[in-house]
Amino acid sequence: MIQNKKIPWEDFLKKREQILTHWETGSSPLLDLDKAVDRLKNMPDHKNFAKKLRKAKAEGITMIQPRAGVALLDQHIELMQFLEKHGEADFLPSTIDSYTRQNRYQNAQDGIKESERLGRSLLNGFPAVNYGVEGCMKVVDNINVPIQARHGTPDARLLTEIIHAAGWTSNEGGGISYNIPYAKNIGLEDTLRYWQYCDRLVGYYAEQGIELNREPYGPLTGTLVPPSISHTVAIIESILAAEQGVKNITVGYGQGGNVVQDIAALQTLDELTNYYLKLFGYNDVFVTTVFHQWMGGFPADEAKSMGVISLASTVATLGKATKMITKSPHESQGVPTKEANAEGLRASKIITRLLREQKFPSSKELKEEKEMIKKEVNALIYAILNVGKGDLAQGVIKGFARGLIDIPFAPSEMNAGKILPARDDQGKIRILEFGNLAFDEDIKTFHRERLEKRAKLENREVSFQMTIDDVYAVSQGTLVGKPRQKGVSA
Amino acid sequence: MIQNKKIPWEDFLKKREQILTHWETGSSPLLDLDKAVDRLKNMPDHKNFAKKLRKAKAEGITMIQPRAGVALLDQHIELMQFLEKHGEADFLPSTIDSYTRQNRYQNAQDGIKESERLGRSLLNGFPAVNYGVEGCMKVVDNINVPIQARHGTPDARLLTEIIHAAGWTSNEGGGISYNIPYAKNIGLEDTLRYWQYCDRLVGYYAEQGIELNREPYGPLTGTLVPPSISHTVAIIESILAAEQGVKNITVGYGQGGNVVQDIAALQTLDELTNYYLKLFGYNDVFVTTVFHQWMGGFPADEAKSMGVISLASTVATLGKATKMITKSPHESQGVPTKEANAEGLRASKIITRLLREQKFPSSKELKEEKEMIKKEVNALIYAILNVGKGDLAQGVIKGFARGLIDIPFAPSEMNAGKILPARDDQGKIRILEFGNLAFDEDIKTFHRERLEKRAKLENREVSFQMTIDDVYAVSQGTLVGKPRQKGVSA
Amino acid sequence: MKTVVIGVIGADVHAVGNKIIDHVLTEYGFNVVNIGVLSSQEDFINAAIETNAKAILVSSLYGHGEMDCKYLRENCDEAGLGHVKLYVGGNIVVGKQDFKEVEQRFKKMGFDRVYPPGTNIEDAVKDLREDLGE
Amino acid sequence: MKTVVIGVIGADVHAVGNKIIDHVLTEYGFNVVNIGVLSSQEDFINAAIETNAKAILVSSLYGHGEMDCKYLRENCDEAGLGHVKLYVGGNIVVGKQDFKEVEQRFKKMGFDRVYPPGTNIEDAVKDLREDLGE
Ligand code: B12
Ligand code: B12
């Protein structure tokens, strides 16, 4: 039975032996832990994710990072260099392809071959496991900023081993956030274990004096996720990581669209994560925040997409996010060209710089929204801990099974999938169907009242049609979905 | 001696005869006032600027309008249609070329010929006077939204006659705002008279039951203008217009860059203009506001320009501006292509729509900034009225002569040109040299303290170098100008 | 009531569009068999056989559509589903590509209808009615 | 101390760059004669004659530069200013045009140096020193 307990080192090593056999690149001599420690120790500060984040937070500025990855190594390096130079990226990613995410390394290998043959990337990301430590080293050696693996891999153990040994100083993911939105029928017990492993490796490096950054994946399904739900997942994954020895954590949140709710979310994310880490006794974890530019469906038009990107940048900067993940004007169409990706970065960059001296002022509305988020998160964490009889890992498994916590639009069968979100009259994300979500009546009444207000304005009932309208809304240029007539396309 | 007094109708008509002789198109039979009244009365509501603004204000939404104009009539119409269709412009402009602005109609005629010969526009705008009522009618008849003349013409009397008779339902300008930033040695007495004439014409139409919109030009030199200074000009020009019978006025403000100061400026602009109009006894003037996207030097990069444009749109919408004048990603380079112009519009449009349900919440910082602006405006208006012995027109002339009101970076010799603005540590525009500006010691101390704070942070003295750095800053991607080393280019 | 199979092919987990297609087609009176995300070609084929479906609507969002859909037509034919219409939509290739060309590519692979990114599912209802007979 | 005439030509009122050029060139030790905005060709020529200037720096921002600068070289030569260097900078044509081409156009018109939009005036100091001799 899984528990939130640090994995004993011997158990880890035993497991490790097995993991490294999952694909041929696992046998690289560079995966020797001492060699990896050496390499990581020799990474200069400006290529260390954790250190650069500390600096940014101290200066109160917002760093930018794109998503990007292609099938072929040389083209991937070129892409990274381009985004550093022409996108002015402060951090680089390597978005991993979807076969690798499902541990289908043979499919990925085929994808590489097919891409070589056709001269264009047929994979939607960089197959880091197939290229192994040697390939990943080449990437980091050819750039001048820290690099991170970004994926969506339920079982990222081999991937994690490889990237850290190569000198990549951050890894995105978590046992919940890389399961529920990214898988269909993988158990939470499994993914929690997988990610305990990934975190334990980072904890090991920490023991050797190497600070690596870990980033629970914040936006989940990217689709109308109420802040308290994604916050709860972020906080839980932070605690689980801290238990394994992680010392530098970036918690994330995906833009909702209402400016005040987004600022409230960013501020509470920082406050609550710190609060709960300390409550659980992890006193030396350094926390930063990452804001994701709009994660739902984008407008088809490139100029409008630039508008969405820039609006997100404004909110991130005024909300003092330490980092922001950017989108591109190609978002609605497909994986962006490097040029389009860099355009999104540059629009984002100038806004983070123009507004760096500014902060969103406190107000009654902001305070109320923050209070509400805190109340909700507290309720969710209490319920999860309670159903886990004090153990967070158990709580997660049982909490999801019972729908005490529930993520809208998730593909996973581990998720109850009973709640339905919708926007209120100001575009704030609220909940219209609660399923078994562990909210008390007070909280539910608050949500219902807000939605009723919108319903009245729009002269219709609160219903799933509102949710559907809201899912489409941003791609059609509004935040609050307008009632559509059936049979009439918008 | 000019006074703020409604021009008697006979005097107006006498003057009018003379004006219409300034260029051959003045002799058009369509300039017969009865014909013009007929035409304007037949304009449908959706092409009436004043009415569309009333509707927007009632709905609390922000409308968008580009700048645009080319030398040749057919191309100009094509441009307007393109911006309506592909830019989703709510209002159309016709930016008038610079020869026409200086009443050099012969130069404009040469420009038309030369443009015809080379097949590209050699003029920086549309020479409306040369095309006359007939040409201007053709423009409005080929579009479906209201249209306005936007220019910078000290003496726009003939232009004004022509555009209104053609059915253009709004005119930008004013005796101060189209002199001080747009001329070198034209007296204020002259331009105030010219614009009394333009306003009197609108007042006449109002008497015939036709509501036309007038827009004092808000941003002035577009370069580090403190809100209280541009507000004062806007309020004075509103009062002068109201005296001539204008009933629908849009007061403007150019984005400063600090979000809170900009929101404070937008809110106080509306509040103060209404307050002063009523104070002076004009009780039936309908006031709206227009926010100008960044009016200073733009970054060369198009993606970054899109960022600046979008940031402005965010501020305008959250600040509930009724209208916004947009820029394009070509801004730093030259008059935009129609495609680039439409890109700026579409990025702006989506933001005004996404945020339409939202409003910047009130806060201590916002209230303080609003209080400060009000204090300053009150001081300036008091001083101007006082030196004019109760007459606003006289006050303007003497106030400028003595530097009681003073506009930074203006080319006009009527302007004292003694004040120097600079940004404080948060990017708010303050004043470092006051010249004779009619501020009391309290206000001055406030400005000095804020600037000292920045100086300390940057480890340098408050000086003109700060102003220079701030002039360059946005085009180089920051708001607060960083100290540059002499001889080193940024 | 005509039966249609919907699902998201390959290693693709984009669930939002799938849920909405389900809802909308059901509203329009189709009998929707939704096999969800992460579905293999076999999953689609088996569902179509079992439910006697008239059309298969494949969604592919994540970019690997070109690889995942290879030989789907042939495999359907082999399984005796020669009469079943094949539709595909979503973001079916990697990156922003000329759609005319992409459409050709997928038509050559045997798809009856190919839809560009952001297609409103209601627009496909007309096609479905036409292809399946009212 | 070398004398240079600066100003903004034609019906152009863009005053900000002009004020900054004045300040910066003065700081760099030039004797700056600033005739300001809305200056005609004659204003430039007269100022250069009166002050024995070594160079004329024409600014044009508003787009009519091509028309306003026509025959300026010839008119200078006629006025006995054949030795005076002619620079032009700002946004000297209408719209975003290929700068190489624009430069050629103005060089053909007799300008010695042509600068693209947003040129940092400090970058022209080097050229001035080179052309006028230290
Ligand atoms: C939300 C989202 C996610 C969420 C998905 C959550 C979930 N589990 O559902 C998360 C964040 C998890 C995610 C992950 C990834 N995503 Co994603 N995602 C999106 C995004 C922003 C919106 C998708 C969406 O929900 N739209 C709203 C719904 C209603 O619309 P829809 O899905 O397009 O479906 C409608 C129509 O297309 C049409 N339709 C769909 N299928 C069919 C079929 C037929 C026959 C017909 C007629 C119509 C039709 O009808 C649907 C309903 O109206 C899109 C980009 C965009 N569109 O803006 C990228 C996008 C689809 N994702 C992309 C990628 C690459 C990924 C990742 C690989 C990498 C990453 N970014 O992390 C992973 C993939 C993981 C995996 N194994 O699949 C790419 C695909 C690239 C490409 N094709 O070139 C996109 C286009 C973004 C981009 N430009 O890079 N993503
Ligand atoms: C501020 C501004 C205004 C203000 C000017 C206030 C004033 N009186 O000074 C206002 C609002 C009044 C204005 C009016 C107009 N403007 Co204007 N304006 C600008 C803007 C945004 C910034 C200019 C500026 O001050 N920059 C900061 C200073 C420091 O930089 P600078 O002027 O470029 O000068 C520097 C360098 O270029 C260089 N330099 C300049 N000259 C020279 C010469 C030499 C020899 C050298 C070496 C270097 C050099 O050194 C200077 C100092 O560093 C520019 C666009 C931009 N750049 O972003 C448009 C711009 C110049 N304006 C333009 C236009 C068309 C107009 C108007 C006709 C129409 C309108 N928009 O209303 C009127 C013109 C009125 C007239 N008769 O001249 C166009 C010109 C178009 C073109 N060339 O194709 C521009 C490019 C905007 C655009 N893209 O449409 N404008």
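Thresholds applied
- Residues numbered from 1 in each chain as written.
- Chains lettered and ligands numbered in written order.
- Predicted model: local features only at pLDDT ≥ 70, side-chain atom pairs only at ≥ 80, totals over all residues.
- Heavy atoms only, no water.
- Helix = DSSP H or I, 4+ residues; strand = E, 2+ residues; numbered from the N terminus.
- Rg over C-alpha atoms; globule rule 2.2 N^0.38 Å.
- Buried < 20%, exposed > 50% of the residue type's maximum accessible area, 1.4 Å probe, protein only.
- Contact = heavy atoms within 4.5 Å.
- Areas by Shrake-Rupley, 256 points an atom, 1.4 Å probe, with all protein chains shown as cover.
- Donors = N, O, S within 2.8 Å, 3.2 Å for Na, K, Ca; no water.
- Polar contact = N/O pair within 3.5 Å; in protein donor to acceptor, adjacent residues only side chain to side chain.
- Salt bridge = Lys/Arg side-chain N within 4 Å of Asp/Glu carboxyl O.
- Domains from an automatic or database assignment.
- Buried area = accessible area lost by both parts, 1.4 Å probe.
- Nonpolar A, V, L, I, M, F, W, Y, C, P; charged D, E, K, R; others polar.
- Axes fitted to C-alpha atoms, helices over the stretch in contact; angles between N-to-C directions.
- Parallel < 35°, antiparallel > 145°, perpendicular 65-115°, else oblique.
- Left-handed = near helix turned anticlockwise from the far one by under 90°.
- Pairing = 2+ DSSP bridges.
- Right-handed = clockwise from strand over helix to strand, strands pointing away.
- Near = heavy atom within 4 Å.
- Least-squares fit on C-alpha atoms with pLDDT ≥ 70 in both.
- pLDDT = per-residue confidence, 0-100.

1. Some remarks on the overall build of chain A
Okay, step 1: The helix and strand inventory of chain A stands at 17 helices and 10 strands.
Okay, step 2: Over its C-alpha trace chain A gives a radius of gyration of 21 Å, about what one expects of a compact globule, namely 23 Å for 490 residues.
Okay, step 3: A principal-axis box enclosing the C-alpha atoms of chain A has dimensions of 65 × 50 × 45 Å.
Okay, step 4: The buried share among the 490 residues of chain A stands at 69%.
Okay, step 5: Considering only contacts within chain A whose residues lie at least 6 apart along the sequence, 74% involve residues at least 24 apart.
Okay, step 6: As presented, chain A carries roughly 16000 Å² of accessible surface, and 48% of it is formed by carbon and sulfur atoms.

2. Re the coordination of the cobalt atom of ligand 2
Okay, step 1: Among protein atoms, the single one acting as a donor to the cobalt atom of ligand 2 is H14 of chain D (NE2), 2.2 Å away.
Okay, step 2: You can see H14 of chain D is positioned in the loop between β1 (3-8) and α1 (16-27).

3. Some details on the side chain of H76 of chain A
All names here are of chain A.
Okay, step 1: For H76, the position within the fold is in helix α4 (residues 73-85).
Okay, step 2: Only 2.8 Å separates the side chain of H76 from the side chain of S94, close enough to count as a polar contact.
Okay, step 3: Setting aside its immediate chain neighbours within four residues, H76 contacts A68, G69, V70, S94, F126 and V139.

4. Some remarks on the side chain of T314 of chain A
Okay, step 1: Within the secondary structure layout, T314 of chain A lies in helix α12 (residues 302-318).
Okay, step 2: Excluding residues that lie within four positions of it along the chain, T314 of chain A makes contacts with I351 and L355 of chain A together with L311 and T314 of chain B.

5. Digging into the pattern of salt bridges
Residues and elements named next belong to chain B.
Okay, step 1: Enumeration according to the criterion identifies 98 salt bridges over all chains in this entry.
Okay, step 2: Ionic pairing is found between R16 and E161, a salt bridge with its closest N-O pair at 2.9 Å. Of the two residues, R16 sits in helix α1 (residues 9-19) while E161 sits in helix α8 (residues 157-166), which places them 145 residues apart along the sequence.
Okay, step 3: Given the relative accessible area of 9%, R16 is considered buried.
Okay, step 4: Looking at E161, the relative accessible area reads 0%, which means it is buried.

6. Observations regarding the domain arrangement of chain A
For interface size, the figure often reported is the accessible area lost on association.
Residues and elements named next belong to chain A.
Okay, step 1: Domain parsing of chain A yields domain 1 (9-354) and domain 2 (418-490).
Okay, step 2: The straight-line distance from the C-alpha centre of domain 1 to that of domain 2 is 31 Å.
Okay, step 3: With both chains or domains summed, domain 1 and domain 2 bury close to 1300 Å², and 70% of this area falls on carbon and sulfur atoms.
Okay, step 4: Three residues stand out in domain 1 for area buried against domain 2, namely L224, N258 and Q261, and they jointly supply 42% of the buried area on that side.
Okay, step 5: At the junction of domain 1 and domain 2, the tally comes to 0 salt bridges.
Okay, step 6: Joining domain 1 to domain 2, the criterion identifies 3 residue pairs in polar contact (both at pLDDT 80 or more).
Okay, step 7: For the side of domain 1 that touches domain 2, the secondary structure elements donating two or more residues are α10 (227-243) and α11 (259-279).

7. Examining helix α17 (residues 464-473) of chain B
Okay, step 1: With 8 of its 10 residues buried, α17 of chain B lies for the most part within the structure.
Okay, step 2: Those residues of α17 of chain B hidden inside the fold are in contact with β9 (420-423), β10 (429-433) and α16 (441-458) of chain B together with α1 and α6 (121-132) of chain D.

8. Things to note about the interface of chain C and chain A
Okay, step 1: The interface is formed by 33 residues belonging to chain C together with 38 residues belonging to chain A.
Okay, step 2: Summed over the three residues of chain C that lose the most area to chain A, namely I20, M67 and K96 of chain C, the buried surface amounts to 19% of that side.
Okay, step 3: At the junction of chain C and chain A, the tally comes to 3 salt bridges.
Okay, step 4: Across the pair E114 of chain A and K70 of chain C runs a salt bridge whose closest N-O atoms are separated by 3.5 Å.
Okay, step 5: If you list the elements that add at least two residues to the side of chain C that touches chain A, you get α1 (16-27), α3 (65-68) and α6 (121-132) of chain C.
Okay, step 6: Here the element with the most residues in the side of chain C that touches chain A is α1 of chain C; it accounts for 5 residues.
Okay, step 7: Across the side of chain C that touches chain A, the residue classes tally to 14 nonpolar, 10 polar and 9 charged.

9. Structural notes on the packing of helix α8 (residues 157-166) of chain A against helix α9 (residues 188-207) of chain A
All names here are of chain A.
Okay, step 1: Running from N to C, α8 and α9 point in directions that differ by 20 degrees, and their axes come no closer than 9 Å. Classed by the angle they form, the pair α8 and α9 counts as roughly parallel. The two elements α8 and α9 cross, and the hand of that crossing is right-handed. Mapping the contact onto sequence places R157, T160, E161, H164 and A165 in α8 and Y194, Y197, C198, L201, V202 and Y205 in α9.
Okay, step 2: Split into classes, the residues belonging to the contact of α8 with α9 amount to 7 nonpolar, 2 polar and 2 charged.

10. Concerning the environment of I96 of chain A
Residue and element names in this part refer to chain A.
Okay, step 1: Relative to the helices and strands, I96 resides in the loop between β2 (92-95) and α5 (98-101).
Okay, step 2: For the pair formed by I96 and V70, sequence separation is 26 residues and the distance between their alpha carbons is 8.2 Å.
Okay, step 3: Dropping the residues within four chain positions of it, I96 is found in contact with R101, G125, F126, A128, R150, H151 and L159.

11. Re the pairing of β1 of chain D
Residues and elements named next belong to chain D.
Okay, step 1: Counting buried positions along β1 yields 6 of 6 residues, so the element is predominantly enclosed.
Okay, step 2: By the alternation rule, side chains of β1 split into T3, V5 and G7 and V4, I6 and V8, which are all buried.
Okay, step 3: Here 4 bridges tie β1 to strand β2 (residues 31-34), and the two strands are oriented parallel to one another. Looking at the pairing, V4 lines up with V32 of β2.
Okay, step 4: Taken together, β1, α1 and β2 form a β-α-β motif whose crossover is right-handed.
Okay, step 5: Alignment of β1 against strand β3 (residues 55-60), held across 5 bridges, turns out to be parallel. Bridge pairing in β3 links I6 to L57.

12. Describing the sheet that holds strand β4 (residues 85-90) of chain D
All names here are of chain D.
Okay, step 1: Pairing is parallel in the open sheet, where 5 strands are placed in the order β2-β1-β3-β4-β5. Each of the sheet's edge strands pairs with one partner strand only, and the pair in question is β2 and β5 (113-114).
Okay, step 2: Against the sheet, α1 contacts β1, β2 and β3, and its axis sits at roughly 165 degrees relative to β1.
Okay, step 3: Against the sheet, α6 touches β1, β3, β4 and β5, its axis set at about 170 degrees to β4.

13. Overview of the interface of chain B and chain A
Okay, step 1: Contact residues are listed per partner, giving 41 residues for chain B and 41 residues for chain A.
Okay, step 2: For the pairing of chain B and chain A, the buried interface totals around 3300 Å² over both sides, and the portion due to carbon and sulfur atoms is 65%.
Okay, step 3: At the boundary of chain B with chain A, the tally comes to 6 salt bridges.
Okay, step 4: Taking the shortest distance from any N to any O, the salt bridge between E357 of chain B and K482 of chain A comes out at 3.7 Å.
Okay, step 5: Counting the contacts that link chain B with chain A gives 9 residue pairs in polar contact (both at pLDDT 80 or more).

14. Concerning the site of ligand 2
Okay, step 1: Neighbouring residues of ligand 2: 49 residues in total, closest E331 and Y472 of chain B together with H14, A15 and S59 of chain D.
Okay, step 2: Site remark: ligand 2 is flanked by residues from chains B and D.
Okay, step 3: The backbone of E331 of chain B places a nitrogen or oxygen atom 2.7 Å from a nitrogen atom of ligand 2.
Okay, step 4: Between ligand 2 and the protein, one listed contact pairs an oxygen atom with a side-chain N or O atom of Y472 of chain B at 2.6 Å.
Okay, step 5: A per-element tally of the shell around ligand 2 places β4 of chain D first, with 4 residues.

15. Considering the relation of the copies chain B and chain A
Okay, step 1: Least-squares fitting of chain B to chain A yields an RMSD of 0.0 Å, with the superposition described by an axial translation of 0.0 Å and a rotation of 180 degrees. Overall, the copies show the geometry of a two-fold rotation axis. No C-alpha of chain B approaches the rotation axis more nearly than that of S363 of chain B, which lies at 2.5 Å.
Okay, step 2: The share of interface residues of chain B whose copies in chain A are also at the interface is 100%, consistent with both copies meeting through the same surface.

16. Some remarks on the confidence of the model for chain C
Okay, step 1: Across chain C, pLDDT averages 95, with 99% of residues at or above 70.
Okay, step 2: The ipTM for the predicted assembly is 0.96, set against a pTM of 0.97.

17. Some details on the pairing of strand β7 (residues 286-292) of chain B
Residue and element names in this part refer to chain B.
Okay, step 1: Burial analysis of β7 places 6 of its 7 residues in the buried class, which makes it a mostly covered element.
Okay, step 2: As defined by bridge partners, strand β6 (residues 248-254) adjoins β7 across 7 bridges and the pair is classed as parallel. Across the sheet, residue G254 finds its bridge partner in β7, namely H292.
Okay, step 3: Crossover connection from β6 via helix α11 (residues 259-279) to parallel β7: handedness right-handed.
Okay, step 4: Sheet analysis places β7 next to strand β8 (residues 323-325), joined by 3 bridges and oriented parallel. When the sheet's bridge partners are listed, H292 is paired in β8 with I325.

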